[in-house]
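An overview of the molecular structure
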Amino acid sequence: MVCHSHSAAFAGKIAIRAMSRSELNTPCAHQRAMDSAVRRHWQPAASLQGVMPAGWWPWLSSSDSLTQRLDHAMRMLDGQGLRVRLLLQDTGPARRDEARMLGIAPRRHVWRREVALCHGDEPWVIARSLAALDLAHGHRLSTLGEGSLGHWLFRQPDLTRSAIDVSRAPLRLASTQPLARTASLWMRRSMFSHGRFRVLVQEGFTPRFQHALEL
Ligand SMILES: C=C(O[C@@H]1C=C(C(=O)O)C=C[C@H]1O)C(=O)O
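Owing to the predicted nature of the structure, the values given are computational and were not obtained by experimental measurement.

Points about the site of the ligand
In the vicinity of the ligand there are 15 residues, among which Leu66, Thr67, Arg113, Leu149 and Glu203 approach most closely. At 2.8 Å, a side-chain N or O of serine 65 approaches an oxygen atom of the ligand. Between threonine 67 and the ligand, the recorded distance is 2.5 Å, taken from a side-chain N or O atom to an oxygen atom. Protein coverage of the free-state accessible area of the ligand, which is 390 Å², stands at 100%. When residues of the shell around the ligand are traced back to their parent elements, those giving at least two are helix H5 (66-78), strand S3 (109-119), helix H8 (149-153) and strand S8 (197-205). Among the elements that take part in the shell around the ligand, S3 stands out by supplying three residues, more than any other. Among the residues forming the shell around the ligand, the class breakdown is eight nonpolar, five polar and two charged.

As structure tokens, then:
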């Protein structure tokens, strides 16, 4: 494994626990400590520039449409575009951190949508999006099916997007479909607003994605 030291860029941004002498002597101990510090917490993407591997940076920090970026990268590989696989679309409980982001009580039921963004059969990104029920129904999002939520969102002229947070924790999906068990290496979250409608979009980038783009 190649080990780069990012200690200068990292300093002051994330608290690293004190490392013992034996840990410091193992190869890449510093890198591992940084990785685990990033893993435990959501971090603003902007604070991780120069810390995360360079190839990942545009994918995790860009605020334009991920659907479009992925579709473009897939077509460059073999001419085959992105396919949205719908894994779940229902109403169900939001998790505690999700409810906080949406400004609703914990465990309140919300509109939930989970998808895999695939190249052929290979999931590059898995995603879980949530919106408060009263507002979601007004927008008839249940008719989206295997159309892209991003495609719909980025057509809204008043669309705004919050800052993007990044974490190394894997994105957990509620769907019981086999594709929903796909592991993810990095995830990010951000809130889109269009009028009073707000949707929390969380995206997990998979080992397939890393392999295909040689990141
Ligand atoms: C938010 C976007 O939409 C993408 C499309 C999704 C869907 O169809 O459910 C989910 C997550 C996103 O990656 C985007 O393109 O940026």
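There's more to say after this.
Comments concerning the nonpolar core
One broad rule of soluble globular proteins: the nonpolar side chains tend to lie buried together. Counting 23 residues, the largest nonpolar core has Leu70, Val166 and Phe205 as its most contacted members. Setting aside its immediate chain neighbours within four residues, phenylalanine 205 contacts Trp56, Trp59, Leu60, Leu66, Trp124, Val125, Ser184, Leu185, Trp186 and Arg188. Among the nonpolar cores identified, the runner-up in size contains twelve residues, and Ala131, Leu141, Phe192 and Phe197 belong to it.

Regarding the pattern of salt bridges
Inspection of every chain in the model, using the stated rule, returns ten salt bridges. Note that aspartate 97 is salt-bridged to arginine 189, the shortest N-O span being 3.7 Å. Of the two residues, aspartate 97 is situated in helix H6 (residues 96-102) and arginine 189 in strand S7 (residues 186-194); the sequence distance between them amounts to 92 residues. Exposure remark for aspartate 97: the relative accessible area of 25% places this residue in the partly exposed category.

Points about the UniProt feature "binding site: substrate" (unreviewed entry) in the protein
The feature "binding site: substrate" (unreviewed entry), as annotated in UniProt, sits at Arg113, Leu149 and Glu203 in this numbering. These annotated residues cover 91 residues of sequence, and their C-alpha atoms lie no more than 12.3 Å from one another, placing them together at a single site. Positionally, arginine 113 belongs in strand S3. Among all residues touching arginine 113, those that are not within four sequence positions of it are Val84, Leu86, Leu88, Gln89, Ala127, Arg128, Ser129, Leu144, Gly145, Gly147, Ser148 and Leu149. In this structure, glutamate 203 is in contact with Leu66, Val125, Ile126, Ala127, Arg161, Leu171, Trp186, Met187 and Arg188, ignoring residues within four places of it in sequence. Here arginine 188 takes part through its side chain, which lies 2.6 Å from a polar atom of the side chain of glutamate 203.

About the cut-offs
- Residues numbered from 1 in each chain as written.
- Predicted model: local features only at pLDDT ≥ 70, side-chain atom pairs only at ≥ 80, totals over all residues.
- Heavy atoms only, no water.
- Near = heavy atom within 4 Å.
- Polar contact = N/O pair within 3.5 Å; in protein donor to acceptor, adjacent residues only side chain to side chain.
- Areas by Shrake-Rupley, 256 points an atom, 1.4 Å probe, with all protein chains shown as cover.
- Helix = DSSP H or I, 4+ residues; strand = E, 2+ residues; numbered from the N terminus.
- Nonpolar A, V, L, I, M, F, W, Y, C, P; charged D, E, K, R; others polar.
- Core = buried A, V, L, I, M, F, W, Y, C linked by side-chain atoms within 4.5 Å.
- Buried < 20%, exposed > 50% of the residue type's maximum accessible area, 1.4 Å probe, protein only.
- Contact = heavy atoms within 4.5 Å.
- Salt bridge = Lys/Arg side-chain N within 4 Å of Asp/Glu carboxyl O.
- UniProt positions renumbered as here; feature names shortened; annotations may be inferred.

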